[in-house]
Amino acid sequence: MQGIYDVAIIGFGPAGATAAIYAKRAGLKTILIEKAVAGGGQVLLTYEVDNYPGLPGINGYDLGMKFNEHVDKLEVERLEADVNSIDVEGKIKKIYTGKDTIEAKTIIVASGATHRKLDVPGEEKLFGMGVSYCATCDGAFFRGRTVAVMGGGDVALEDAIFLARSCEKVYLIHRRDEFRAVQVLRDAVQDTENIEIIWDSVITEISGDEQVEGITVKNVKTEQAKNIEVAGVFVAVGNIPRTSFIEGVDKDKSGYLA
């Protein structure tokens, strides 16, 4: 790292990669800061990306590697570090990591988000022992078994479809009576015989000693609860933005930069 950068980009998902490519091609002195060894963000964990122009059906890992190749081809300077805080006062902004201070005229925050949790009993205890936030990462461990997916958006339905290919049965649990996912995913779920939808319901507890053994599901309208035996629980209820390191900038109620 040398001198003051024109642009410092925090995060190396699709947004960070795009910003780096455009900045470098514009002749700006650019640095890309990412805490992971390889860039790509959450797309690395997506089993199939079917809506990226020109690359239909590519898996997320391969797409992420293409981001890395493109950025490296342009010789964008990269720093592997976790950002602790930033200072946006004055013309020269500062980014503080564990051991470095990066100065830049402009900071682009593309730090992405982390998985939102259910915050129910058993979730933290059984994380990695049947509780997962990534179906493509952990789905293979549940081949031929019964699992549950909690959520109603695109990711939840994608996870359910992916798991149904190898699992005996998938319970898809959604707190409302209609999915928020795109229609093509709704149709695919309805057409998959081993996916059972549980509407108007939430998971209130995940049970098991050393492995997930079951869940308690409560209907939010009737308050009735029932226990279901499952070997795994995949949580897909949204994300929390990684913006806790940012002070002095307006944010909305969810924590996204306003």
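Everything discussed here concerns the structure shown above.
Quick caveat: nothing in here was measured; it's all calculated off a predicted structure.

Trainee: Account for the pattern of salt bridges, naming residues and giving values.
Mentor: The tally for this structure, following the rule as stated, stands at 7 salt bridges. A salt bridge links Asp72 to Arg78; the shortest N-O distance between them is 2.8 Å. Asp72 sits in the partly exposed class, given a relative accessible area of 41%. Between Glu223 and Lys218 there is a salt bridge, with the nearest N and O atoms lying 3.5 Å from each other. For Lys218, a relative accessible area of 25% corresponds to the partly exposed category. One network of salt bridges, in which partners are shared, links Asp177, Asp200 and Lys221.

Trainee: How would you explain the sheet that holds strand S13 (residues 214-219) if you had to name every residue and give the values?
Mentor: Within a sheet, neighbouring strands are paired by backbone hydrogen bonds and run either parallel or antiparallel to one another. If you trace the 3 strands from one edge of the open sheet to the other, you get S12-S13-S14, paired in antiparallel fashion. Whereas interior strands pair on both sides, the edge strands pair on one side only; in this sheet they are strand S12 (201-207) and strand S14 (225-229). Each strand of the sheet is rotated relative to its neighbour by a mean of 30°, with strand direction disregarded. For S13 and S14, the ladder comprises 5 bridges, and the chain directions are antiparallel. Among the inter-strand pairings, Thr216 is bridged to a residue of S14, identified as Asn227.

Trainee: Could you give an account of unusual backbone geometry, with specific residues and numbers?
Mentor: Within the chain, Glu75 stands out as a residue other than glycine whose phi angle is a positive 60°. Inspection of the secondary structure assignment puts Glu75 in the loop between helix H2 (60-73) and strand S3 (77-80).

Trainee: An account of the pairing of strand S4 (residues 83-87) is requested, with residue identities and associated values reported.
Mentor: Examined bridge by bridge, S4 and strand S5 (residues 93-97) share 4 bridges and lie antiparallel to one another. Counted as the bridge partner of Asp87 is Lys94 from S5. Counting the residues between successive antiparallel strands, the hairpin from S4 to S5 contains 5 residues, one of them, Gly90, with a positive phi of roughly 85°.

How each quantity is defined
Residues numbered from 1 in each chain as written. Predicted model: local features only at pLDDT ≥ 70, side-chain atom pairs only at ≥ 80, totals over all residues. Heavy atoms only, no water. Salt bridge = Lys/Arg side-chain N within 4 Å of Asp/Glu carboxyl O. Buried < 20%, exposed > 50% of the residue type's maximum accessible area, 1.4 Å probe, protein only. Pairing = 2+ DSSP bridges. Helix = DSSP H or I, 4+ residues; strand = E, 2+ residues; numbered from the N terminus. Axes fitted to C-alpha atoms, helices over the stretch in contact; angles between N-to-C directions.

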